[in-house]
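Breakdown of the fold
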Amino acid sequence: MDLRTMTQSLVTLAEDNMAFFSSQGPGETARRLLGVFSGIREQALGLEPTLGRLLSVAHLFDLDTETPANGYRSLVHTARCCLAHLLHKSRYVASNRRSIFFRTSHNLAELEAYLAALTQLRALAYYAQHLLAINQPGGLFFEGDERLTAEFLSEYVTLHKGCFYGRCLGFQFTPAIRPFLQTISIGLVSFGEHYKRNEAGLGVTASSLFTSGRFAIDPELRGTEFERVIQNLDVHFWKAFWNITEIEVLSSLANMASTTVRVSRLLSLPPEAFEMPLTSDPKLTVTISPPLAHTGPGPVFVRLISYDLREGQDSEELSSLVKSEGPWSLELRPRPQQVPRSRFLVVHIHGGGFVAQTSKSHEPYLKSWAHELGAPIISIDYSLAPEAPFPRALEECFFAYCWAVKHCAMLGSTGERICLAGDSAGGNLCLTVSLRAAAFGVRVPDGIMAAYPVTTLQSTASPSRLLSIMDPLLPLSVLSKCVSAYSGSETEDYSDPDQKALGMMGLVRRDTSLLLRDLRLGASSWLNSFLELSGRKSQKSSVSIAEPMRRSVSEAALAQPEGPQGTDSLKALKDLSLKGSSETSDTPDMSLSVETLGPSTPSDVNFFLRPEDSQETQLLNTKDRGPAVSLFPEGFQPRRSSQGAIRIPLYSSPIVKNPFMSPLLAPDSMLKTLPPLHIVACALDPMLDDSVMFARRLRSLGQPVTLRVVEDLPHGFLSLASLCRETRQAAGQCVERIRLILTPPAAPR
């Protein structure tokens with residue numbers, strides 16, 4: 001059904017229901033039903049022309065005719081989903097409104113919820129129309145006056161979001177995903193409530209655990225609380241919540257359901273420099289130094305996963321690098337029969353917004369990959385922000401990649417074909433690791449598979465990023481917190497003098513201990529759909545920080561004076577020197593200076609900053625700022641948030657323009673060094689435009705690139721690969737792209 005026909009059908013049904021309920025007397029229920037159908041009629045008629053205009057030009061922003069995907073299409077599709085649901089519900093009401101079994105209150109609540117969502121979607125359509133008018137031709141990201149972007153943001157962040165997190169949660173995704181999202185949302189608001197209680201020093205009581213079950217049966221309350229959580233809690237909360245899958249109970253369940261592999265070992269790579277041959281002249285070498293930024297030299301942890309035990313994987317040299325994962329970890333037992341080394345090697349970099357998760361979180365689907373591809377996989381556990389901001393993660397990933405290339409024999413591979421693969425933040429790191437390998441002159445991977453990558457960390461406006469208002473996994477405020485943490489722009493607001501006395505390290509250790517305690521307390525209840533809640537109060541348990549280089553900044557490093565953002569050991573790329581076996585080499589700089597990057601221009605848009613703001617970090621307080629310019633037609637106003645002041649980090653650090661942080665901003669000469677790139681993106685992902693614009697940029701340079709966009713799935717579907725048929729198929733698309741890199745089709749004769 002086309003958009004106009006759908007709208008006309010919905011309007012006709014709304015008018016029919018309005019006529020019926022207007023004749024039912026002055027009762028409150030009839031009045032509310034009359035009002036909701038009147039609102040549906042008004043919003044549908046106002047929305048349809050704008051959606052039509054967006055759809056008429058959406059094809060101009062596609063990568064090609066075979067890949068019809070961009071943020072404008074996604075926004076129209078999402079609005080169509082909401083209209084389709086209202087059409088279905090209006091038909092149901094028209095057919096059953098006289099029945100004695102008609103559940104008036106339930107249907108009224110659902111209609112009101114979807115009307116609120118439709119109203120907000122109409123506002124997003126006007127925002128998208130505004131972007132279409134002011135953007136550069138063919139561009140999806142806003143490039144223009146910074147004052148305008150700040151005004152745009154100050155308007156956008158005041159929108160009411162709770163309607164998308166209650167009854168309407170995940171309506172735009174495939175139905176198989178919605179129960180999972182509901183469980184996650186209940187867990188998030190329950191966890192957020194306990195987190196705030198701990199911040200206030202109240203602790204978690206049996207009654208607070210029990211009452212959190214109310215979020216499971218009250219969608220409106222859950223939506224309101226969800227909005228409060230995403231707007232007000234800091235990045236440490238999201239770090240803890242996203243790591244929930246790594247607690248022992250859930251991790252064990254995930255491993256039981258995943259493919260069984262012969263090898264899964266955590267390795268600790270020593271922080272020792274080594275030599276790598278140059279691709280241009282293998283007789284010359286370059287020194288690969290260990291990671292240095294922020295915390296100084298330290299080991300890099302990687303996980304080796306292999307379906308079969310291959311030659312080299314039980315060597316003494318490899319065994320000396322194995323790191324114990326606790327009392328319950330099982331060590332590999334050598335088997336008498338070994339499989340020959342694979343021709344292939346996959347180097348994997350996990351996602352998690354640069355602030356959360358490890359290779360353990362992604363192990364279930366990596367085990368399947370190892371089986372399907374017949375290749376050993378090295379997954380890198382890079383240090384996480386905000387304790388280890390840019391460029392620490394990139395340094396560690398590059399070091400681990402080079403180490404894997406050099407020592408592929410002990411990993412069970414001949415290294416004939418090497419693929420870099422990663423998702424989300426990991427996709428970003430795959431691109432930047434390859435760029436850095438090219439800058440050093442060492443072997444670049446034979447190809448990259450990036451799943452839903454973020455290619456620019458500048459929070460510029462784009463049509464797909466407007467979808468962050470309704471995305472339960474990537475809300476705008478959470479995205480901004482992650483970017484601020486990774487860029488090193490995060491600021492701590494210690495209003496309590498006791499917290500000031502604790503300092504950063506004390507706060508991190510305290511919060512980690514409290515959060516892990518909450519996870520243990522709540523894990524059993526979450527596994528029972530949050531309906532069977534324990535009333536017993538467990539004893540406090542201390543959490544030892546066994547890996548200070550991965551978990552936090554050392555106190556010694558904090559006490560040392562710091563230089564500019566990045567590492568002073570890195571020199572300019574032009575200073576890269578070649579050397580033989582007896583010569584020395586400097587490391588190229590991937591933390592470019594302000595002078596190198598050049599002055600800020602109108603094209604260097606920072607969506608979070610007014611030009612007159614000179615501080616490195618600002619806070620946008622929407623309680624005191626109203627919209628400076630109206631983007632809506634007369635007579636329409638969207639619903640506004642009732643959560644009060646919204647605190648969003650505003651940063652102006654030039655580091656976000658660094659091409660090693662935002663590869664979309666890299667010059668052509670750098671992008672031409674990338675190997676073939678295969679992107680798998682999500683049509684309903686706020687990061688979709690990152691993939692589309694990056695693919696278009698590479699295509700314009702003649703670089704080999706493919707873009708596959710999966711429908712009706714959220715960002716992060718790889719971690720949900722075993723959830724349903726749709727996620728399994730999408731994960732299969734990623735495997736097929738990796739296989740294309742490892743076994744490219746033969747060239748035609």
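Residues numbered from 1 in each chain as written. Predicted model: local features only at pLDDT ≥ 70, side-chain atom pairs only at ≥ 80, totals over all residues. Heavy atoms only, no water.

**Comments concerning the overall build of the protein chain**
Each helix and strand counted, the protein chain has 23 helices and 12 strands in total. In the protein chain, buried positions account for 57% of the 749 residues. Carbon and sulfur atoms provide 52% of the accessible area of the protein chain, an area that totals close to 30,300 Å². (Helix = DSSP H or I, 4+ residues; strand = E, 2+ residues; numbered from the N terminus. Buried < 20%, exposed > 50% of the residue type's maximum accessible area, 1.4 Å probe, protein only. Areas by Shrake-Rupley, 256 points an atom, 1.4 Å probe, with all protein chains shown as cover.)

**Looking at empty space enclosed by the protein**
Enumeration over the complete set of coordinates arrives at two cavities of 30 Å³ or more. Put simply, the largest cavity is a space of about 40 Å³. Around the largest cavity, the lining residues are Y156, K161, I230, Q231, S468, I469, P475, L476 and S477. Contributions of two or more residues to the lining of the largest cavity are made by α9 (219-232) and α16 (476-487). In the lining of the largest cavity, the residues fall into five nonpolar, three polar and one charged. What the second largest cavity holds in volume is close to 30 Å³. (1 Å grid on protein atoms, 1.4 Å probe; cavity = no way out; pocket = protein on both sides within 12 Å on 5 of 7 lines; lining within 4 Å. Points joined across faces, edges and corners; volume = space filled by probe spheres on them. Nonpolar A, V, L, I, M, F, W, Y, C, P; charged D, E, K, R; others polar.)

**A short note on the nonpolar core**
Counting residues in each nonpolar core, the largest one holds 208 residues, and the members touching the most others are F37, L124, Y156, I288, W369, L411 and F717. Top element by residues in this core is helix α4 (residues 104-134). It accounts for 16 residues. Two domains each provide a minimum of three residues to this core, namely domain 1 (3-139) and domain 2 (251-324 + 338-458 + 657-710). If we skip the residues at most four places from it in the chain, F717 touches Y452, V680, C682, V710, T727, A730, A731 and C734. (Core = buried A, V, L, I, M, F, W, Y, C linked by side-chain atoms within 4.5 Å. Domains from an automatic or database assignment. Contact = heavy atoms within 4.5 Å.)

**Quick look at the sheet that holds strand β1 (residues 263-269)**
Spatially, the eight strands line up as an open sheet ordered β1-β4-β6-β5-β7-β8-β11-β12, and their pairing is mixed. Two strands in the sheet have a free side with no partner beyond their single neighbour: β1 and β12 (705-710). Taking each pair of neighbouring strands and ignoring which way they run, the sheet shows an average axis angle of 20 degrees. Both strand β7 (residues 413-423) and strand β8 (residues 447-451) contribute to a ladder of five bridges, which runs parallel. Within β8, the position partnered with L420 by the bridge is I448. Contacts from helix α15 (residues 425-440) reach β5 (342-349), β7, β8 and β11 (677-682) within the one sheet, and its direction differs from that of β7 by about 135 degrees. The sheet contacts of helix α22 (residues 688-700) involve β11 and β12, and relative to β11 the element is tilted by about 155 degrees. (Pairing = 2+ DSSP bridges. Axes fitted to C-alpha atoms, helices over the stretch in contact; angles between N-to-C directions.)

**Some details on the packing of aromatic side chains**
Counting across every chain of the model gives 18 aromatic pairs. Between F274 and F399, the aromatic rings sit 5.4 Å apart at their centres with planes inclined by 55 degrees, giving tilted as the arrangement. Here F399 lies in helix α14 (residues 392-406) and F274 lies in strand β2 (residues 274-277), a separation of 125 residues in the sequence. The two residues F274 and F399 agree in class, both being buried. Ring plane angle 80 degrees and centroid distance 5.7 Å describe the contact between F390 and Y486, whose orientation is recorded as edge-to-face. Taken together, the positions of F390 in the loop between β6 (377-381) and α14 and Y486 in helix α16 put the pair 96 residues apart, joining distant regions of the chain. Given a relative accessible area of 0%, F390 falls into the buried group. (Phe/Tyr/Trp six-rings, centres within 6.5 Å; stacked < 30°, edge-to-face > 60°.)

**Considering the pattern of salt bridges**
Two side chains carrying opposite charge are able to pair once their charged atoms lie near each other. Going through the model one piece at a time under the given rule, you end up with 22 salt bridges. Of the charged contacts, one joins R4 and E48 as a salt bridge, the two residues approaching to 3.5 Å between their closest N and O atoms. Taken together, the positions of R4 in helix α1 (residues 3-22) and E48 in helix α2 (residues 28-57) put the pair 44 residues apart, joining distant regions of the chain. A residue is classified by how much of its surface remains accessible, and R4, at 52% relative accessible area, is exposed. For R417, the salt bridge is made with D446, and the minimal N-O distance between the two is 3.6 Å. Of this pair, R417 sits in strand β7 while D446 sits in the loop between α15 and β8, and the two are 29 residues apart along the sequence. Put simply, K360, E363 and K367 are held in one network by salt bridges that share partners. (Salt bridge = Lys/Arg side-chain N within 4 Å of Asp/Glu carboxyl O.)

**Considerations on the packing of α14 against α15**
Packing of α14 against α15 brings their axes to within 9 Å, and their N-to-C directions diverge by 65 degrees. As far as their axial angle goes, α15 and α14 are roughly perpendicular. Crossing of α14 against α15: the hand is right-handed. Touching A393, L394, E395, C397, F398 and Y401 of α14 are L429, T432, V433, R436, A437 and F440, all from α15. (Parallel < 35°, antiparallel > 145°, perpendicular 65-115°, else oblique. Left-handed = near helix turned anticlockwise from the far one by under 90°.)

**Considerations on the pairing of β12**
Inspection of the sheet shows β11 paired to β12 by six bridges, in the parallel sense. Paired with H678 across the bridge in β12 is T706. As for the winding sense of the linkage, the β-α-β connection from β11 through α22 to β12 is right-handed. (Right-handed = clockwise from strand over helix to strand, strands pointing away.)

**Quick word on the UniProt feature "active site" (unreviewed entry) in the protein chain**
Within this numbering scheme, the UniProt entry marks S424 as carrying the feature "active site" (unreviewed entry). On the secondary structure map, S424 appears in the loop between β7 and α15. Since its relative accessible area comes to 11%, S424 is described here as buried. Sequence-distant contacts of S424, defined by excluding residues within four places in its chain, comprise G351, A451, Y452, P453, V454 and H715. (UniProt positions renumbered as here; feature names shortened; annotations may be inferred.)

**Topic: unusual backbone geometry**
The linkage connecting A385 with the following residue, P386, adopts the cis geometry, with an omega of 5 degrees. Between F390 and P391 the backbone carries a cis peptide bond, its omega angle lying at 10 degrees. As for its position among the elements, P391 is in the loop between β6 and α14. You will see that Y452, though not glycine, has its phi angle at about 35 degrees, which is positive. Inspection of the secondary structure assignment puts Y452 in the loop between β8 and α16.

**Concerning the environment of E316**
The residue E316 is located in helix α12 (residues 316-319) in this model. Here the alpha-carbon distance between E316 and M410, two residues 94 residues apart in the chain, equals 9.5 Å.

**A closer look at α2**
When the terminal C-alpha atoms of α2 are compared, their 44 Å separation across 30 residues agrees well with the 44 Å that a helix rising 1.5 Å per residue should span. Its axis deflected by about 25 degrees at E48, α2 carries its strongest bend there, up to four residues before the proline P49. (Expected span 1.5 Å × (residues − 1). Bend = angle between axes of the 7 residues up to and from the residue.)

**Brief notes about the pairing of β2**
Going residue by residue along β2, you find F274 and M276 tucked away on one face and E275 and P277 left uncovered on the opposite face. In the sheet, β2 pairs with strand β3 (residues 285-288) via four bridges, with the strands oriented antiparallel. Within β3, the position partnered with E275 by the bridge is T287.

**Focus: the packing of helix α13 (residues 359-373) against helix α23 (residues 725-742)**
Taken N-terminus to C-terminus, the directions of α13 and α23 make an angle of 45 degrees; their axes are 11 Å apart at the nearest point. It follows from the interaxial angle that α13 and α23 lie oblique. Relative to α23, the crossing made by α13 is right-handed. On α23, the residues touching W369, E372 and L373 of α13 are A731, C734, V735, I738, R739 and L742. The class makeup of the residues in the contact of α13 with α23 is seven nonpolar, no polar and two charged.

**Thoughts on the environment of C682**
Take C682: it is sitting in strand β11. Separated by 230 residues in the primary sequence, C682 and Y452 place their C-alpha atoms 6.5 Å from one another.

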